[in-house]
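The primary structure of each chain is shown beneath.
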Amino acid sequence: MRIVQNRKTLIPKAGFALLCALLLPGAAPAADKFQACVDSLWPAAKAKGVTRETFDRAFAGVTLDPEVIEAANYQPEYVKPIGEYIDRVVSDKRIETGKQMLIDNKALLDTLEARYGVDRHIIVAIWGVESNYGTQPGDKNVIRSLATLTCSGTKASFARPQLVTALKILQHGDVTLEAMNGSWAGAMGHTQFIPTTYTSYAVDQDGDGKRDIWGDVPDALASTASYLKVSNWKAGQTWGYEVTLPKGLKKVGDGTTKSLGDWQKIGVVRASGEPYPRPADKGTLFAPAGAAGPTFLVLNNFNSILRYNVAKSYALAVGHLSDRLRGGGPFVHPWPTDETHLSLEQRTELQQLLITKGLLTGDADGVIGPATLEAVKTYQRSKGLPVDGFPSLTILKDLQAGG
């Protein structure tokens, strides 16, 4: 579960200045500023029931972590070409390991399916994508990471409440400070819960009095099932289907939702050639690599996965890995091999042109996130182009020419 990119500069000027100051000789004034920021958190922590002893122990020797700010600028769900990201995340090794995890944890997964109604393949797929089945849960101290984000100004609005909640978790005793490690954004454990999600939805599956998502697989997987259930997961439904489109269909990715049966009537059929098993389920077309790449009908449960991480590439990876764990094959339609991927300079220019047209707000940083994709869709609609949201060279050239 990762924090996601907003349509803002990822390192605000104040945060960047603090980072530079801390890395240069004579950084004492900036270090004092960082400490002052940490000290300012005490009233909020105290109000949540954190003792001064816990607070001081958590921040003893803590300094700003420049690697955290660097990582905040690089999220593979957004900056990697979608085909490359999916191929890396849904690798043959991850599929093989996931199938073994299904066998090793069968009794647990039987219980979780019965209790929460969440498909076991989805639970294990999230485990695989988030931490490679617990082998890569993140090695950064959560308190330091969240303090860095808070006090550098990088994603501070997200990080500050997460930091206070992390202190509350320490106070409760579910995990030790030394074991409270995770990602650069403070996502923790086998299935990467951020602190506020942990507090609300983590589960003590084995009944030992602790919700240990760091070292206890039953607690971690049960917590994932618990969170998906409250995220409106529909038992018995899938996340979506790869489809083949009829020739001439222009409105791809415009948000239209209709029943699978109605989609089939206009020629949107499963790429596998099989019928839709539940034609009354409703779906929306999703073409993540543009009209030349694979296209999907995504259903309600796709949106439930997005509660974990709002990057649609992430939700697609989880859904596809779950299908592969179930015994399904690779996508029928290949990712475009001649796809023209924009350089950082080109992506930045595209954003600036969208800003100039009033379709996007904030600063152009070259990182393609949800807001940029929506702005591209809006532009495509205004020009009568196929609406897929793909930031292609053709779109950039059209913007350069004044639309």
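Fair warning: this is a prediction, and the values are worked out from it, not measured in the lab.

## Some thoughts on the overall build of the protein
A tally of helices and strands in the protein yields 20 helices and 7 strands. By the burial criterion, 52% of the 403 residues in the protein qualify as buried. Restricting to contacts in the protein with at least 6 residues of sequence separation, those with at least 24 account for 68%.

## Structural notes on the side chain of aspartate 219
Among the secondary structure elements, aspartate 219 is positioned in helix 14 (residues 217-230). At 7.9 Å, arginine 211 is the nearest oppositely charged side chain to aspartate 219, a buried residue that forms no salt bridge. Here the side chain of aspartate 219 touches aspartate 206 through a polar contact of 3.3 Å, landing on its backbone nitrogen. Those residues in contact with aspartate 219, other than ones at most four positions away along the chain, are Val203, Asp204, Gln205, Asp206, Asp208, Lys210, Arg211, Asp212 and Ile213.

## Some words on the nonpolar core
The biggest cluster of nonpolar side chains holds 90 residues, and the ones touching the most others in it are Phe55, Phe59, Ile86, Ile143, Met180, Tyr314 and Leu316. Excluding its chain neighbours within four sequence positions, the residues that come into contact with phenylalanine 59 are Val38, Leu41, Ile143, Ala147, Leu163 and Leu167. Core analysis: the second largest hydrophobic core is formed by 11 residues, Leu354, Leu360, Val376 and Leu399 among them.

## Re the pairing of strand 6 (residues 282-286)
Among the 5 residues of strand 6, 4 are classified as buried, and the element is accordingly described as predominantly covered. Bridge count for strand 4 (residues 257-259) against strand 6 is 3 bridges, and the pairing is antiparallel. When the bridges of strand 6 are listed, threonine 257 appears paired with threonine 284.

## Focus on unusual backbone geometry
The residue lysine 155 is not glycine, and still its phi comes out positive at about 60°. In this structure, lysine 155 sits in the loop between helix 11 (142-152) and helix 12 (156-172). By relative accessible area, lysine 155 is classed as buried at 12%.

## Brief notes about helix 11
Of all 11 residues making up helix 11, 10 are buried, and the element is well covered by its neighbours. Among the residues making up helix 11, those that are buried are Val142, Ile143, Ser145, Leu146, Ala147, Thr148, Leu149, Thr150, Cys151 and Ser152. Sitting at the amino-terminal end of helix 11 is asparagine 141, which places a side-chain oxygen 3.1 Å from the backbone nitrogen of isoleucine 143. Count one or two residues on from helix 11 and you reach glycine 153, which has phi positive near 85°.

## Here's the deal with the environment of tyrosine 241
Assignment of secondary structure puts tyrosine 241 in strand 3 (residues 240-244). A relative accessible area of 8% places tyrosine 241 in the buried class. Sequence separation between tyrosine 241 and threonine 295 is 54 residues; the distance between their C-alpha atoms is 8.6 Å. Ignoring anything within four residues of it in the chain, the contact list for tyrosine 241 reads Leu260, Arg270, Tyr276, Pro277, Thr295, Phe296, Leu297 and Leu299.

## Brief notes about the environment of isoleucine 95
Mapped onto the elements of the fold, isoleucine 95 is located in helix 8 (residues 92-104). Judged by its relative accessible area of 6%, isoleucine 95 falls in the buried class. For the pair formed by isoleucine 95 and alanine 125, sequence separation is 30 residues and the distance between their alpha carbons is 8.9 Å. In this view, isoleucine 95 contacts Val90, Leu321, Arg324 and Leu325; residues no more than four positions away in its chain are not counted.

## Observations concerning the confidence of the model for the protein
With 89% of its residues at a pLDDT of at least 70, the protein reaches an overall mean of 88. Across residues 2-27 the pLDDT falls below 50, and counting only partners more than four positions away or on other chains, this stretch makes 68 contacts in the model.

## Brief notes about the pattern of salt bridges
When the charged atoms of two side chains lie near each other, side chains of opposite charge can form a pair. Scanning all chains against the criterion turns up 12 salt bridges. One salt bridge in this structure joins lysine 140 and glutamate 67, with 2.8 Å as the shortest N-O distance. Of this pair, lysine 140 sits in strand 1 (residues 140-141) while glutamate 67 sits in helix 5 (residues 66-72); the two residues are 73 residues apart in sequence, bridging distant segments of the chain. In this structure, glutamate 113 and arginine 120 form a salt bridge, with 2.8 Å as the shortest nitrogen-oxygen distance. Residue arginine 120 is classed as buried on the basis of its relative accessible area of 14%. By sharing partners, the salt bridges in this structure join Asp65, Glu67, Lys140 and Arg144 into a single network.

## As for the state of the cysteines
Counted by the stated rule, this structure contains 1 disulfide. Two residues share a disulfide in this structure: cysteine 37 and cysteine 151, whose sulfurs sit 2.0 Å from each other. On the sign convention where negative is left-handed, the bridge of cysteine 37 and cysteine 151, at about -85° about the S-S bond, is left-handed. Remark: cysteine 151 occurs in helix 11 and cysteine 37 occurs in helix 2 (residues 28-39); sequence separation between them is 114 residues. The exposure classification of cysteine 37 matches that of cysteine 151, with both residues buried.

Here is what the cut-offs are and how they apply
Residues numbered from 1 in each chain as written. Predicted model: local features only at pLDDT ≥ 70, side-chain atom pairs only at ≥ 80, totals over all residues. Heavy atoms only, no water. Helix = DSSP H or I, 4+ residues; strand = E, 2+ residues; numbered from the N terminus. Buried < 20%, exposed > 50% of the residue type's maximum accessible area, 1.4 Å probe, protein only. Contact = heavy atoms within 4.5 Å. Lys, Arg positive; Asp, Glu negative; His and termini not counted. Salt bridge = Lys/Arg side-chain N within 4 Å of Asp/Glu carboxyl O. Polar contact = N/O pair within 3.5 Å; in protein donor to acceptor, adjacent residues only side chain to side chain. Core = buried A, V, L, I, M, F, W, Y, C linked by side-chain atoms within 4.5 Å. Pairing = 2+ DSSP bridges. pLDDT = per-residue confidence, 0-100. Disulfide = S-S within 2.5 Å.

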